[in-house]
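Listed here are the chains, written in short residue letters.
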Amino acid sequence: MEQIIIIGSGILGSSTAYELAKRGASVTVIDRDDLGSATRAAAGIICPWLSQRRNQDWYKLVRNGAKHYRTLITELEALGETETGYRQVGAISLFADDRKLQKAYERALTRREQAPEIGDIVRLGEVQTKQYYPPIAEGFQSIYISGAARVDGRQLQQALIRAAEHYGAVFLKGNATLSKDTDGNIQVMYNDKTQKADKIILTTGAWASDLSPLNMRLNVRGQKAQIVHMQPSDENSLNWPVVIPPGDQYLLSLDDGRVIAGATHEDEAVFRQAPTAGGVQEVLSKALNVAPGLEDAELLEVRTGVRPFTPGFLPVIGPLPRHPAIFVANGLGASGLTAGPFLAKLLAQLISGESTDIDLSPYSVEQAIEFN
């Protein structure tokens, strides 16, 4: 049985552990459990089809990521994991401009030809938009996408860990590093003890693994996100759709009815985990400008996380140059919960010698490697 060590247990690490253990590999996952994990802070919007981002390689990844959720959730539920944090509630994309709304509507119709999981695409007037999301401000029309979903990163991660353990995966808490033995072979050191592995997988997010023993470095940068949790008085808030306003903000609910508003995109002091007054003000002011009906919601908490980005803002996946037994997957950015589980499936297919669902050449790790 092949021995595999995964360093990092975020959405990529936990999903990869599940996929590989399900295939019969002996999997050990090691994680320091650092504060600021993007997965534990994140609440994901699974609705990539309206994006205007032109990078088709990125869109292929998130489109397949959204589709993959239906298979993944069915598998997890079959193992008794019913609290995955995933729920298909639909989404409304807001517009104050008729021309922009029409373009988005046409784009969604075109993309549904390749992605029928989008579901129904409906134009909503101002009155209908407010019926779908009562706190919304006046003046917004919207497009409703029935196939859109939301996911709680913490809940999904824990469900994946339990599912991986069901298939025999072992999860350890502590520091893992790469080192060379006396023969020059790469090995994993865990709490000063050597861990043997046939293959090593690095899914460490913004905390890029130290590759200096390999005379290289992974070019990953972090971006801090602050996310505000509120509890509205409306008992039906758990059924509200995801809200995608103009710009880079969002609103979504969780199963306990809380509403999450996010998120900041901070490129300075990214590993400073404490929420800041300026960050909270930015999130709340944008949220309340779109949904003033949330003004009386109880403020519950603020979560922070660090998103990982690689050059070109495209995830990378595959073996390290010159080290075919060491694999890297990183750079999911703000699309981690949409693309992460699917990227993990691709990684498991690659490591297991299977044909991958999509061509991985656009996501080569080499584009994020710098040699010393």
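The preceding data block contains the structure.
As a starting point, this report considers the structure included with it.

About the cut-offs
Residues numbered from 1 in each chain as written. Predicted model: local features only at pLDDT ≥ 70, side-chain atom pairs only at ≥ 80, totals over all residues. Heavy atoms only, no water. Core = buried A, V, L, I, M, F, W, Y, C linked by side-chain atoms within 4.5 Å. Buried < 20%, exposed > 50% of the residue type's maximum accessible area, 1.4 Å probe, protein only. Contact = heavy atoms within 4.5 Å. Helix = DSSP H or I, 4+ residues; strand = E, 2+ residues; numbered from the N terminus. Expected span 1.5 Å × (residues − 1). Polar contact = N/O pair within 3.5 Å; in protein donor to acceptor, adjacent residues only side chain to side chain. Phe/Tyr/Trp six-rings, centres within 6.5 Å; stacked < 30°, edge-to-face > 60°. Lys NZ or Arg CZ within 6 Å of the ring centre and 35° of its normal. Pairing = 2+ DSSP bridges. Axes fitted to C-alpha atoms, helices over the stretch in contact; angles between N-to-C directions.

1. Looking at the nonpolar core
At step 1: One finds Leu20, Val27, Trp49 and Ile145 to be the most contacted residues of the largest nonpolar core, which totals 72 residues.
At step 2: Setting aside its immediate chain neighbours within four residues, Leu20 contacts Ile4, Ile6, Ala25, Val27, Ile201, Ala348, Ile351 and Ser352.
At step 3: Counting 22 residues, the second largest nonpolar core, distinct from the first, contains Leu94, Ile136, Phe140 and Val283.

2. So, helix H6 (residues 153–166)
At step 1: In this model H6 runs 20 Å from its N-terminal to its C-terminal C-alpha over 14 residues, within 8% of the 20 Å that 1.5 Å per residue would give.
At step 2: The complete set of buried residues in H6 reads Gly153, Leu156, Gln157, Ala159, Leu160, Ile161, Ala163 and Ala164.
At step 3: Where H6 starts, the residue carrying a side-chain oxygen 3.0 Å from the main-chain nitrogen of Arg154 turns out to be Asp152.

3. Brief notes about the packing of aromatic side chains
At step 1: Throughout the structure, instances matching the rule amount to 6 aromatic pairs.
At step 2: We note Arg111 situated over the ring of Tyr59; from NZ or CZ to the ring centre the distance is 4.2 Å.

4. Comments concerning the side chain of Thr304
At step 1: By the secondary structure assignment, Thr304 is in strand E19 (residues 298–309).
At step 2: Looking at Thr304, its side chain comes within polar contact range of the main-chain oxygen of Gln273, at 2.7 Å.

5. A few points about the environment of Arg123
At step 1: Relative to the helices and strands, Arg123 resides in strand E6 (residues 121–124).
At step 2: According to the relative accessible area criterion, Arg123 is partly exposed, its value standing at 34%.
At step 3: Taking C-alpha positions, Arg123 is 22 Å from Ser253, a pair spaced 130 residues apart along the chain.
At step 4: If sequence neighbours within four positions are ignored, Arg123 has contacts with Leu101, Gln102, Tyr105, Gln128, Gln141 and Ser142.
At step 5: Only 2.3 Å separates the side chain of Arg123 from the side chain of Gln102, close enough to count as a polar contact.

6. Here we look at the sheet that holds strand E2 (residues 26–31)
At step 1: Pairing within the open sheet is mixed, and its 6 strands lie in the order E9-E2-E1-E13-E21-E20. Across the chains shown, the open sheet's two edge strands, defined by having one partner strand only, are strand E9 (170–173) and strand E20 (316–320). Between one strand axis and the next, the sheet turns by 20° as a mean value, whatever way the strands run.
At step 2: Here E2 runs beside E9; their pairing, made up of 4 bridges, is parallel. If you follow Ile30 over to E9, its bridge partner there is Leu172.

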